[in-house]
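The primary structure of each chain is shown beneath.
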Amino acid sequence: KPGQGDFLAYSEKVGSSDIAFDMVPIAGGTFAMGSPASEAGRGDDESPQVEVSVDPFWMGKFEVTWQEYDVWNTDEDRPQSKKPDGMARPTPAYMEMTFNMGREGYPAICMSHVAALQYCKWLSEKTGHFYRLPTEAEWEYACRAGAKTAYSFGDDPAKLGEYGWYSENSPRELEDGAEPEMAYHLVGKKKPNAFGLFDMHGNVGEWVADQYYADAYGEAHGKAPRSNPFMELKKDKRGRGKRWAHVVRGGSWQASANELR
């Protein structure tokens, strides 16, 4: 486990519950972040490619499930915001946030970036180990798993269905005979990437720690290799910034193959 000198995979319980999650060690390294000019479907904010190095870190083997997230939602012992660094209780959902797509074993959705940060903070306090959102560089490094192609398994989107849920394979049959509708799916049912991580392509999109800037890669160009980059919130002279504009990676069950690159 972390803190014991061994960089190994491990499983940890969520608080005092019987719910557990798995963490996978990701060896650090250097890679080209972003997409090459020759890659089909690329956007202007994916370039230029930048040489980036990241230190070793752990990444969740699966997307965070509702069972894990619900422990936080229902924790009566969670510190409240009576002190400056306290964590506020999540706002009660105004409706069933699974939208009848399934709960047990399915990925948690519909949380804000702030809620994701607070969940990590709560998890750190409950377990005694430090958890946080990955940076965008860490996420891409973990997703690529050594690949230099559009997807972790190559460039052919025809193989995407073996590794992720997206717009072409996410529709599910309904019992009442109605038209199939797109939905998320149980975590870990597709093939993992070379690092042993599941659902990095599709199912649900993942928050990362970084603020979104359309010129983030261009701003870093020529400064390679960048070590553990992190795009922080830029504030104006009044100390204000667009706090909502954070990066989401990976694509979802509703996304096209191009959006899962």
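Structure's up top.
Residues numbered from 1 in each chain as written. Predicted model: local features only at pLDDT ≥ 70, side-chain atom pairs only at ≥ 80, totals over all residues. Heavy atoms only, no water.

A few words now on the packing of aromatic side chains. This model, assessed by the stated rule, comprises 15 aromatic pairs. Their ring planes at 75° and their centres at 5.4 Å tell us that Phe21 and Tyr131 sit as a pair that is edge-to-face. Taken together, the residues span a long stretch of sequence, with Phe21 in strand E2 (residues 20–26) and Tyr131 in the loop between helix H2 (113–127) and helix H3 (136–144) at a distance of 110 residues. Every member of this aromatic cluster is reached through a ring pair, and the members are Trp66, Tyr69, Trp72, Tyr119 and Trp122. Directly above the ring of Trp165 sits Lys190, whose terminal nitrogen or CZ lies 4.1 Å from the centroid. (Phe/Tyr/Trp six-rings, centres within 6.5 Å; stacked < 30°, edge-to-face > 60°. Helix = DSSP H or I, 4+ residues; strand = E, 2+ residues; numbered from the N terminus. Lys NZ or Arg CZ within 6 Å of the ring centre and 35° of its normal.)

Here we take up the sheet that holds strand E4 (residues 50–54). Taken together, the 3 strands give an open sheet; going across it, the order is E3-E4-E9, and neighbouring strands pair in mixed fashion. Lying at the two open borders of the sheet, with one neighbouring strand each, are strand E3 (29–33) and strand E9 (226–227). Bridge count for E4 against E9 is 2 bridges, and the pairing is parallel. Residue Ser53 lies in a different strand from E9, and its bridge partner there is Ser227. Sitting on the sheet, H3 touches E3 and E4, and the angle it makes with E3 is about 95°. (Pairing = 2+ DSSP bridges. Contact = heavy atoms within 4.5 Å. Axes fitted to C-alpha atoms, helices over the stretch in contact; angles between N-to-C directions.)

Moving on: the sheet that holds E2. Read across the open sheet, the 3 strands follow the order E1-E2-E5; overall the sheet is antiparallel. In the strand order of this sheet, the two ends are held by strand E1 (10–13) and strand E5 (57–60), each with one partner. Strand-to-strand, the axes of this sheet are offset by a mean angle of 35°, without reference to chain direction. One ladder, built from 4 bridges, connects E2 with E5; its direction is antiparallel.

The subject of this paragraph is the nonpolar core. By size, the foremost hydrophobic cluster in this structure holds 27 residues, and its most contacted members are Trp66, Tyr69, Ile109, Trp122, Leu123 and Tyr184. Elements with a contribution of two residues or more to this core: E2, helix H1 (66–73) and H2. In terms of residue count, the dominant contributor to this core is H2 (6 residues). Counting residues in hydrophobic clusters, the runner-up holds 23 residues, among them Val24, Phe57, Met59 and Tyr217. (Core = buried A, V, L, I, M, F, W, Y, C linked by side-chain atoms within 4.5 Å. Buried < 20%, exposed > 50% of the residue type's maximum accessible area, 1.4 Å probe, protein only.)

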